[in-house]
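Working through the structure, step by step
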Amino acid sequence: MKFVEIVKEYWNAGLTVVPFNQEKKCLVSWKKYQTERPTLEETIRMFSGSNVEYIALICKDNIEAIDIDAKNNMEGQDIAKEYANHLKFFRGGKELLKKLLIEKTKNNGYHFVYKCLKVGGNDKLAYNAKNEVLIETRGKGGLLFIAPSNGYVVHKGEFKDIPTITIEERELLMNVARSLNFRGIKRDETNEEVQTKAILRENNNIGNVVWSWQDYNSKDDCLQLLENEGWKRWNWI
């Protein structure tokens, strides 16, 4: 019963929400609501149980979100802060950031929520070095856990008034997210690489195997390469 009043407000704002329990299992058959909307009475009934712990928004009617998953961040930095800072580098980025509804998630991730005439599905935008998703979208028919669910807090804006952005602004959000992709960047050798090296050493009777990218890194000085092309060093005071 704790969410009944807020889901009434969400319903009046045109949103479609469904209940989840503590294990994040939906308490109703929700797929049909991707294309149809429950009545207010149905919504109240769905959220009247004592085991409702989370509110999930079904993304439709031009609603989309950038979903940043902090638990998969291997790089050490605050990936949501990096995303926001990168966005500010671009023309109109600061103003766009001010428009967005921003929500912090239970696992210290973030949702950047908006409406747009053009939206996609649930698309992967950036990965960590282990090929785990860092940033993705929640679009047509996707689920987005929202406040006041346990651990979810809105930092700016409100779900009853989701802002609308332009198609060009949405494209900027997508491009900045894709720029934070770490997939394919070497951190440690994979098990497959270790095994391949062992086979090469055995078959070719050599003591060590060096990958081409390791050889390049050991021989070339990036600063020297830039200076050879006419770049100058600049010492910060």
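Everything below is about the structure printed above this text.
Now for a quick tour of the structure. Remember, it's a predicted structure, so these values are computed and weren't measured experimentally.

1. Comments concerning the sheet that holds strand E7 (residues 133–138)
Taken in spatial order, the six strands line up as E6-E7-E3-E5-E4-E9 in an open sheet, and their pairing is antiparallel. In this open sheet, the two strands that pair with only one neighbour each are strand E6 (124–127) and strand E9 (153–156). Each adjacent strand pair in this sheet contributes to an overall mean axis angle of 20°, direction not counted. Bridging between strand E4 (residues 101–104) and E9 involves three bridges; their strand directions are antiparallel. Bridge pairing in E9 places lysine 104 opposite valine 153.

2. Description of the nonpolar core
Membership of the largest hydrophobic core comes to 31 residues, with the highest contact counts inside it found for Phe47, Ile55 and Phe159. Listed by contribution, the elements that provide at least two residues to this core are helix H1 (4–12), strand E1 (17–20), strand E2 (54–58), strand E3 (63–68) and strand E8 (143–146). With five residues, the top contributor of residues to this core is E2. Grouped together as the second largest cluster of nonpolar side chains are 28 residues, Ala80, Leu96, Tyr114 and Val119 included.

3. A short note on H1
Residues of H1 that are buried include every one of Val4, Ile6, Val7 and Tyr10, and no others. The arc that holds the buried residues of H1, viewed along the axis, is 160°, so those residues lie on one side. In H1, those exposed residues whose orientation departs by more than 90 degrees from the buried face are Glu5 and Asn12. Where H1 is buried, its residues contact E1, helix H2 (40–46), E2 and E8. Backbone geometry just after H1 places glycine 14 at a positive phi near 90°.

4. Things to note about a positive patch on the surface
There is a patch of like positive charges on the surface, built from Lys81, Lys88, Lys94 and Lys98. Looking at the positive patch, the elements with two or more residues in it are helix H3 (79–88) and helix H4 (93–99). The class of lysine 81 is exposed, set by a relative accessible area of 53%.

5. Regarding the packing of aromatic side chains
Under the counting rule described, the total for this entry stands at six aromatic pairs. For the pair tyrosine 10 and phenylalanine 159, a centre-to-centre distance of 6.3 Å together with 70° between the ring planes defines the contact as edge-to-face. Separated by 149 residues along the polypeptide, tyrosine 10 in helix H1 and phenylalanine 159 in the loop between E9 and helix H5 (167–178) bring together distant segments of the chain. No difference in accessibility class separates tyrosine 10 from phenylalanine 159, as the two residues are buried. Seen in terms of ring centroids, phenylalanine 20 and phenylalanine 145 are 5.0 Å apart; in terms of plane orientation they differ by 80°. Their pairing is edge-to-face. Of this pair, phenylalanine 20 sits in strand E1 while phenylalanine 145 sits in strand E8, and the two are 125 residues apart along the sequence. Since its relative accessible area comes to 16%, phenylalanine 145 is described here as buried. Among the aromatic residues, ring-to-ring pairing joins Phe20, Tyr54, Phe145 and Tyr152 into one connected group.

Definitions and limits used
- Residues numbered from 1 in each chain as written.
- Predicted model: local features only at pLDDT ≥ 70, side-chain atom pairs only at ≥ 80, totals over all residues.
- Heavy atoms only, no water.
- Pairing = 2+ DSSP bridges.
- Helix = DSSP H or I, 4+ residues; strand = E, 2+ residues; numbered from the N terminus.
- Axes fitted to C-alpha atoms, helices over the stretch in contact; angles between N-to-C directions.
- Core = buried A, V, L, I, M, F, W, Y, C linked by side-chain atoms within 4.5 Å.
- Buried < 20%, exposed > 50% of the residue type's maximum accessible area, 1.4 Å probe, protein only.
- Arc of directions from axis to C-beta.
- Contact = heavy atoms within 4.5 Å.
- Patch = residues over 30% accessible without salt bridge, like charges linked within 9 Å, V, L, I, M, F, W, Y side chains within 5 Å.
- Areas by Shrake-Rupley, 256 points an atom, 1.4 Å probe, with all protein chains shown as cover.
- Salt bridge = Lys/Arg side-chain N within 4 Å of Asp/Glu carboxyl O.
- Lys, Arg positive; Asp, Glu negative; His and termini not counted.
- Charge placed at Lys NZ, Arg CZ, Asp CG, Glu CD.
- Phe/Tyr/Trp six-rings, centres within 6.5 Å; stacked < 30°, edge-to-face > 60°.

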